[in-house]
Amino acid sequence: MQPNGNLINHICTIVKRELGGYFGSPVAYVFIVIFLMLTGFFTFYISNFFEAGQADLKGFFQWHPWLFMFLVPAVAMRLWAEERRLGTIELLLTLPVTVTEVILGKFLAAWIFIGIALALTFPLVLTVCYLGNPDLGVIFCGYVGSFLMAGTFLSVGSMTSALTRSQVVSFILAVVACLFLILAGFAPVTAMLSGWAPLWLVDLVSATSVLSHFSSIARGVLDVRDLVYYLSVMVFMIFVNGVILQNRESA
């Protein structure tokens, strides 16, 4: 077992390499521009930000699950599918780093990249502060919830990316999985289930949804159970990602 210092150094090196790859390509800037344009469009035009007359970002955060459902898999689809398509995954797995280090390095770099895109929405915070006296604690929790949800979707996308060499297939699989994680807690779906399913089953299905946990955090409630949920899904998906790559390495 290698010292923790080497583990951290290897992961940091991979994170820097991946981030350099993101910002060395115009794709990263295109993604950020699209993300900012979509969040602005849904916040100001669909949620009627100014007409609502409230100094908060509720109309901003409520669209994040649906936007992330498409945008995060678009980031994740290249993580492993691109390596497999180019045939560089074999070379990567022969480097003096472990599969775990590579997975964590790639995952953290992509998560940081999405976090940067999310942080660039700060003008919205300045806008609501200029217009009124918003509860900054609730806004902070909203950003924490969005970041955790993005990490959850990213872990799903990273896992599907390891399954195939096709980025399109990886994207579609990840979107479907993320859609399930959203709809499990979507009010119309839970209402339909409650019409025939027992209450414990409805609660169980709802508990698997990112939407239920995100709604709680976006209201300003940082519950440990919500944090454990997000971290558990990420750890599980990263574990499955590792199993897939380990099997490929030993094949």
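Scoring rules and cut-offs
Residues numbered from 1 in each chain as written. Predicted model: local features only at pLDDT ≥ 70, side-chain atom pairs only at ≥ 80, totals over all residues. Heavy atoms only, no water. UniProt positions renumbered as here; feature names shortened; annotations may be inferred. Helix = DSSP H or I, 4+ residues; strand = E, 2+ residues; numbered from the N terminus. Rg over C-alpha atoms; globule rule 2.2 N^0.38 Å. Buried < 20%, exposed > 50% of the residue type's maximum accessible area, 1.4 Å probe, protein only. Contact = heavy atoms within 4.5 Å. Areas by Shrake-Rupley, 256 points an atom, 1.4 Å probe, with all protein chains shown as cover. Salt bridge = Lys/Arg side-chain N within 4 Å of Asp/Glu carboxyl O. Polar contact = N/O pair within 3.5 Å; in protein donor to acceptor, adjacent residues only side chain to side chain. Phe/Tyr/Trp six-rings, centres within 6.5 Å; stacked < 30°, edge-to-face > 60°. Lys NZ or Arg CZ within 6 Å of the ring centre and 35° of its normal. Patch = residues over 30% accessible without salt bridge, like charges linked within 9 Å, V, L, I, M, F, W, Y side chains within 5 Å.

- In the nomenclature of an unreviewed UniProt entry, the protein chain is known as ABC transporter permease of Desulfosarcina ovata subsp. ovata.
- According to the UniProt record, the Subcellular location (unreviewed entry) comment for the protein chain is "Cell membrane".

A short note on the overall build of the protein chain
- Assigned secondary structure in the protein chain consists of 15 helices and zero strands.
- Its C-alpha atoms give the protein chain a radius of gyration of 19 Å, near enough to 18 Å, the size a compact globule of 251 residues would have.
- Seen through its principal axes, the protein chain has C-alpha atoms that stretch 55 × 45 × 35 Å.
- Looking at the protein chain as a whole, 45% of its 251 residues are labelled buried.
- Summarising the internal contacts of the protein chain: among those between residues at least 6 apart in sequence, 78% fall at separations of at least 24.
- When the accessible surface of the protein chain is summed, it comes to about 12800 Å², and 72% of that surface belongs to carbon and sulfur atoms.

Some details on the pattern of salt bridges
- All told, the structure shown has three salt bridges when counted by the stated rule.
- With its nearest N and O atoms 3.4 Å apart, the salt bridge here joins Lys-106 to Glu-18. Linking Lys-106 in helix H8 (residues 99–119) with Glu-18 in helix H1 (residues 4–23), this pair joins segments that are 88 residues apart in sequence.
- On the basis of relative accessibility, which here comes to 3%, the residue Lys-106 falls in the buried class.
- The residue Asp-223 makes a salt bridge to Arg-225 at a minimum N-O spacing of 2.8 Å.
- Classification of Asp-223 as partly exposed rests on a relative accessible area of 21%.
- When salt bridges with common partners are traced through the structure, they connect Arg-17, Glu-18 and Lys-106 into a single cluster.

Observations regarding the environment of Asp-56
- Along the chain, Asp-56 falls in the loop between helix H3 (49–52) and helix H4 (58–61).
- On the basis of relative accessible area, Asp-56 is assigned to the partly exposed category, the value being 29%.
- For the pair Asp-56 and Leu-136, spaced 80 residues apart in sequence, the C-alpha separation works out to 8.8 Å.
- Among residues more than four places away in sequence, those in contact with Asp-56 are Phe-49 and Val-128.
- From its side chain, Asp-56 meets the backbone nitrogen of Lys-58 in a polar contact 3.3 Å long.

As for helix H14 (residues 210–218)
- Three or more residues of H14 are buried, namely Val-210, Leu-211, His-213, Phe-214, Ser-216 and Ile-217.
- Where H14 begins, the side chain of Ser-209 points an oxygen toward the backbone nitrogen of Leu-211, at a separation of 2.9 Å.
- Gly-220, located one to two residues past H14, shows a positive phi value of around 100°.

So, the side chain of His-64
- Locating His-64 in the fold gives a position in helix H5 (residues 64–76).
- Not counting residues within four places of it along the chain, the set of residues in contact with His-64 comprises Thr-39, Leu-118, Ser-146, Met-149 and Phe-214.

A word on the packing of aromatic side chains
- Following the criterion strictly, the structure yields 16 aromatic pairs and no others.
- Seen from their ring centres, Tyr-229 and Tyr-230 are 5.3 Å apart, and the 70° between their planes marks the pair as edge-to-face.
- Overall, the relative accessible area of 11% leaves Tyr-229 in the buried class.
- Exposure remark for Tyr-230: the relative accessible area of 0% places this residue in the buried category.
- Each member of the aromatic cluster is reached from another via a ring pair, and the members are Tyr-22, Phe-23, Tyr-29, Phe-31, Phe-35, Phe-68 and Phe-113.
- For Lys-106, the ring lying beneath its charged end belongs to Trp-80, and the centroid distance is 5.1 Å.

Topic: the UniProt feature "transmembrane region" (unreviewed entry) in the protein chain
- Sites flagged by UniProt as "transmembrane region" (unreviewed entry) map to residues 26–47, 63–81, 102–124, 136–156, 168–189 and 227–245.
- The span residues 136–156 is 100% helix and 0% strand, and its two end C-alpha atoms sit 30 Å from each other.
- The annotated region residues 227–245 carries 100% helix and 0% strand content, and the separation between its end C-alpha atoms amounts to 27 Å.

Some words on a nonpolar patch on the surface
- Residues Leu-108, Ile-112, Ile-116, Leu-120, Phe-122 and Leu-126 make up a contiguous nonpolar surface patch of roughly 490 Å² in combined accessible area.
- Contributing elements (two or more residues each) for the nonpolar patch: H8 and helix H9 (122–131).
- Of the residues forming the nonpolar patch, the biggest block, three residues, is contributed by H8.
- Topologically, Leu-120 is positioned in the loop between H8 and H9.

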